[in-house]
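Tertiary structure, described
The lines below spell out each chain.
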Amino acid sequence: MSSVGFDVPEKGSLSVWDSNHRKSMSLRTQLFNNYVVGNILGYTRWMTRDSQRAQGSLEVRRWLDSVRAITQTVVTAQPLSRVLDLIAETAAGLMGYEFCGVLLPDSSGQRLTIEGSSGLSQEYIDQVNADHPVLLNQSVESEAPSSKAFRTGSPVAIADIQAEPQFAPWGGVAREQGYRSMISVPLLDSRQGVIGTLNCYRRGTHDFGQQEIALLAVLADHAAIALTTSRLRSAEASRIDELVLLNRELHSQRDLLEKSEEIHQKLTDIALRGGGVPGIAVALSILIHRAVLIEDVQGAVIGRSDLDAVFPDDRTRTGIREEHSLSFVIFPVLLNESEVARIWTVTDSGPLTPIETRAVEHATVITSLEILRVRTAEEAQWRLQGEVLNDLLSGEPSALDTIHARAERLGHDLSVEHTMVGVSLSEVAQDDINVCLQQGLRRINAWASALKPRPLCAIHHDRIVVLLPTSLESPAVETTTTEKIRKMAASRRPRATATAVSRGPIRGLSMYPRAYRSAAGALNMLALAGRTDTSVTFDDLGLVGLLLQLDDSSQLLRYADRALGPVRSHDETRGTELLKTLRTYFSSGQINIDTARLLQVHPNTVAQRLRRIQTLTNKDLSRPDHAMDLAAALAIGDVADTNPMSAPAPIRKSAPIQERLIAERQ
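Quick caveat, the model's predicted, so the values are computed rather than measured.

1. Comments concerning the sheet that holds strand β13 (residues 463–469)
One open sheet accounts for five strands, arranged β12-β13-β11-β14-β15; its pairing is mixed. Strands at the two margins of the open sheet, each flanked by one partner only, are β12 (456–460) and β15 (535–537). With direction set aside, neighbouring strand axes in the sheet form an average angle of 20 degrees. Pairing of strand β11 (residues 418–426) with β13 involves six bridges; the strand directions are antiparallel. Across the sheet, the residue bridging to V423 is I464, located in β13.

In structure tokens, the structure reads:
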């Protein structure tokens, strides 16, 4: 991979730039020194050529030495505060002032603050900057000498500050510092205009002459050049530092990309070699030197790098996902913007480095692709299994001719006896039904794939149907196996409870359609009775289970209509709940108080309803034979309502689940 970045030299490699810069600064200094010499010589022409030539030469040398010192300070990249202090010290030394200060605008541009000084106490500087700042943009009548010099670009001198009303705000600090007169000279820049002021102070009153002001102006011009150059040099140094840092970051990013590509290739190789999600977990653990655990959205572990590594159990992981933890980092694995898995890694040895984080992110992508590959294969298998199961349960003769061969190609033997387990989901949102059914089928198929002979599992009419070869279990463990299948079908995310019914043994192809109708009717019966989230066999259902297995129930249905037809008609025409009361009465052991508690009505209301039922049916509920007749008729009616293939019955108002059964019947 080619290097990405700027070819910026490190700080220690700036010798060429520094040499050129020094040459440039030396040339500018020489030209400016010539300018200073010319001005100084012009200002000293008043000296006589004979008697004062030597004194003028010494004065010029002293000025040149001072200017050279300032220039040298700038060239050697001294801090700006040192340059400003030196400017103030030079003005005080050359002109004989007791105090000097350099004032610059603050970051807001609204006031001048003392940034360099000579002779001024720190207490005075702090007090002026904090309590008596020199404000800019003030009215002409109230502005300070420094702000006026900054505004006009011309020197402002005060021979006696006590005689100037405008200086009153600074009179107290002036007395404390001990000066009586002052002059403020602007620092001029050719591009920016006024960039500050040079203020000089004397202890006594003093008239500032024209030559003195001219010399201060020359010094101020050089000070402005030094200040501007220092700022430019500081900005250039800062820019070089930024470029060096940026170059290092770009090189670091290049290395990160190279390592990231290497990590991606290694993880991809694992997936292509068929290592699956467990192989990805092991490879990722080796790359980041940390334990790794991969779980699906249900919390089931689908990959783990080390069995001895300490990870929270299933329930604890659920709490950590919701509350977060400092001991673990969790990365979601997304497929079509939906979370399909999570990668856990420990942080006991410290937080993840950028390259480790990138490695885990690559692992989430590879894991998502591996899950997609597995699901694609699963869906193809489910489609074939579903076609076999649908043809088997429909009993279509043309399809049954080849069903043995088709099932055998999928690894299933339909010639042996089977136990049918039907599972329905409840307490699940309508939009989540398909997701929950697929998740449940995936877990059941994973469990069944290790069994020989292999069970046949598929989704049929929004139910999961499992055909278990009877050689895998004995009647004693039928309930245990059914419960295991029910728990695998249940879901936590999205939430769904499962109800399972088992019926067997089933012998011959013709029995499978009848067995499914019975199982579907039993599941609907349990839903109507509120018995969900449980596993039952047909033996557990007693009389209801026996009735569900009858193919011709027309005589039983006529009996049920004769016994409870008047009660049902009364409920439909008057909106009463006599049948519900009767069903609750029998399930409560024929105790009025318990029936009233379950129905949340008064016991007298229950008694009145029971009397109405006895009148309509001409039955006495206190007689065991009459009570048995009504209980049997009630059970037969419920079976007729829930069994989709029973003989047609009079159309009645149905619950939502019954409406679905009517649609199935049609």
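2. Re the packing of aromatic side chains
According to the stated counting rule, one finds seven aromatic pairs in the structure shown. With 4.4 Å between their ring centres and 40 degrees between their planes, Y179 and Y201 make a pair best called tilted. Taken together, the positions of Y179 in the loop between α6 (171–177) and β5 (181–189) and Y201 in strand β6 (residues 193–202) put the pair 22 residues apart, joining distant regions of the chain. Residue class for Y179 comes out buried when judged on its relative accessible area of 4%. Judged by relative accessible area, Y201 falls into the buried class, the value being 4%.

3. Looking at the pairing of strand β8 (residues 301–304)
With three bridges connecting them, strand β7 (residues 292–296) and β8 associate as antiparallel partners. Among the inter-strand pairings, L293 is bridged to a residue of β8, identified as R304. Hairpin connection of β7 to β8: four residues between the antiparallel strands, including G299 at a positive phi of 95 degrees.

4. Describing a nonpolar patch on the surface
Judged by side-chain polarity, V365, L369 and L372 come together as a nonpolar surface patch covering roughly 250 Å² of accessible area. Within the fold, V365 resides in helix α10 (residues 354–394). Residue class for V365 comes out partly exposed when judged on its relative accessible area of 42%.

5. Some points on the nonpolar core
Ranked by size, the top nonpolar core spans 32 residues in total, and within it V102, L187, L198 and C200 carry the most contacts. Counting only elements with at least two residues in this core, the list comes to α2 (53–75), α3 (80–95), β1 (99–105), β5, β6 and α7 (210–272). Dropping the residues within four chain positions of it, C200 is found in contact with A91, Y97, F99, C100, S181, M182, I183 and L216. Membership of the second largest hydrophobic core comes to 24 residues, among which are I263, A283, I294 and I371.

6. Considerations on α3
For α3, with 16 residues, the first-to-last C-alpha span of 23 Å sits near the 22 Å given by 1.5 Å per residue. Inspection of α3 places V83, L84, L86, I87, A88, T90, A91, A92, L94 and M95 among the buried residues, and these make up the whole buried set. G96 occupies a position one or two residues after α3 and carries a positive phi of about 80 degrees.

7. Brief notes about the pattern of salt bridges
With the rule as written, the count across this model stands at 17 salt bridges. Between R406 and D391 there is a salt bridge, with the nearest N and O atoms lying 2.8 Å from each other. Here R406, found in helix α12 (residues 403–409), pairs with D391, found in helix α10; they are 15 residues apart in sequence, far enough to count as distant. When salt bridges with common partners are traced through the structure, they connect E295, E339 and R342 into a single cluster.

8. What to know about the pairing of β7
The buried fraction of β7 is high, at five of five residues. Across five bridges, the pairing between β7 and strand β10 (residues 338–346) is antiparallel. Pairing of E295 across the sheet is with R342, part of β10.

Basis of the calculations
Residues numbered from 1 in each chain as written. Predicted model: local features only at pLDDT ≥ 70, side-chain atom pairs only at ≥ 80, totals over all residues. Heavy atoms only, no water. Pairing = 2+ DSSP bridges. Helix = DSSP H or I, 4+ residues; strand = E, 2+ residues; numbered from the N terminus. Axes fitted to C-alpha atoms, helices over the stretch in contact; angles between N-to-C directions. Phe/Tyr/Trp six-rings, centres within 6.5 Å; stacked < 30°, edge-to-face > 60°. Buried < 20%, exposed > 50% of the residue type's maximum accessible area, 1.4 Å probe, protein only. Patch = residues over 30% accessible without salt bridge, like charges linked within 9 Å, V, L, I, M, F, W, Y side chains within 5 Å. Areas by Shrake-Rupley, 256 points an atom, 1.4 Å probe, with all protein chains shown as cover. Salt bridge = Lys/Arg side-chain N within 4 Å of Asp/Glu carboxyl O. Core = buried A, V, L, I, M, F, W, Y, C linked by side-chain atoms within 4.5 Å. Contact = heavy atoms within 4.5 Å. Expected span 1.5 Å × (residues − 1).

The quantities given are spatial measurements derived from coordinates; they are silent on function.
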